[in-house]
Amino acid sequence: VKVMNMLESKINRKLRMAQTDESVRLTAMELTPKDAASLHDFLIINGTCKRLELSFNSLGPQGTATLMKALTENRTVSEIRLSNNNIGDEGALEVARMLLISEVVHEIDLGSNGISDKGGVCSR
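Since the model is a prediction, treat every value here as computed from it, not as a measurement. (Residues numbered from 1 in each chain as written. Predicted model: local features only at pLDDT ≥ 70, side-chain atom pairs only at ≥ 80, totals over all residues. Heavy atoms only, no water.)

## Some thoughts on a positive patch on the surface
Now for step 1: A cluster of basic side chains, namely Lys10, Arg13, Lys14, Arg16 and Arg25, defines a positive patch on the protein surface.
Now for step 2: By secondary structure assignment, the location of Lys10 is in helix α1 (residues 2-17). (Patch = residues over 30% accessible without salt bridge, like charges linked within 9 Å, V, L, I, M, F, W, Y side chains within 5 Å. Areas by Shrake-Rupley, 256 points an atom, 1.4 Å probe, with all protein chains shown as cover. Salt bridge = Lys/Arg side-chain N within 4 Å of Asp/Glu carboxyl O. Lys, Arg positive; Asp, Glu negative; His and termini not counted. Charge placed at Lys NZ, Arg CZ, Asp CG, Glu CD. Helix = DSSP H or I, 4+ residues; strand = E, 2+ residues; numbered from the N terminus.)

This is the structure we're talking about:
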C-alpha cells in the first residue's frame, strides 16, 4: 500500500508540474487503470497539453476507457502514445469510440497492445 501511495503521489506531482506543458510524458511509470482517474481529471481541466505520452504502462482496457472519456471532452490533445499498455481489443474499441467524437485527436500510437484483427478493424 505504501508503494502505491508513493507512486500515486509521483503521478499527481508530475501532472501538477505539467499543467502548462504542451507535451506531457508519463512513459514507463507503471500506470494502472486506477491511475487513469488522475489522468482523466488532468485532461478535463487542462487546456495546454497537445501531446500525451503514456507508452510502456499497464492502463489496460479499463484505464483506456477512462482516458478516452476524458479525450472526448478535452480540446487540446491531438497526439497520444499508448503503445505497450495491454489495451487489447476492448481498449481499441474505446479508442474507436473516442475518435468518432473527438475533432482534435489526429494521431494515436497503439502498437504492441495485443490488438487482434477484430480490434484493429474497430479502431480504423
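## What about the nonpolar core?
Soluble, globular proteins show a tendency: their nonpolar side chains are buried together.
Now for step 1: Ranked by size, the top nonpolar core spans 26 residues in total, and within it Leu52, Leu54 and Leu67 carry the most contacts.
Now for step 2: At four residues, helix α3 (residues 60-73) tops the list of elements feeding residues into this core.
Now for step 3: Ignoring any residue separated from it by four or fewer positions in sequence, one finds Leu67 in contact with Leu39, Leu43, Leu52, Leu54, Leu59, Ile80 and Leu82. (Core = buried A, V, L, I, M, F, W, Y, C linked by side-chain atoms within 4.5 Å. Buried < 20%, exposed > 50% of the residue type's maximum accessible area, 1.4 Å probe, protein only. Contact = heavy atoms within 4.5 Å.)

## Comments concerning the sheet that holds strand β2 (residues 51-53)
Backbone hydrogen bonds hold the strands of a sheet together, and the pairing may be parallel or antiparallel.
Now for step 1: Taken in spatial order, the four strands line up as β1-β2-β3-β4 in an open sheet, and their pairing is parallel. Each edge of the open sheet carries a strand with a single partner, namely β1 (23-25) and β4 (107-109). On average, adjacent strands in this sheet sit at an angle of 5 degrees to one another, irrespective of strand direction.
Now for step 2: Examined bridge by bridge, β1 and β2 share three bridges and lie parallel to one another. Each bridged residue has a counterpart across the sheet, and for Val24 the counterpart in β2 is Leu52. (Pairing = 2+ DSSP bridges. Axes fitted to C-alpha atoms, helices over the stretch in contact; angles between N-to-C directions.)

## Quick word on the pattern of salt bridges
Now for step 1: Under the definition given, this model contains four salt bridges.
Now for step 2: Where Glu79 meets Arg81, a salt bridge forms, and the shortest distance between an N and an O atom there is 3.6 Å.
Now for step 3: Look at Glu79 and you get buried, because its relative accessible area is 19%.
Now for step 4: Judged by relative accessible area, which is 24%, Arg81 ranks as partly exposed.
Now for step 5: Between Arg97 and Glu94 there is a salt bridge; the shortest N-O distance is 3.0 Å. With Arg97 and Glu94 both in helix α4 (residues 88-101) and three residues apart, this pair spans about one turn of that helix.

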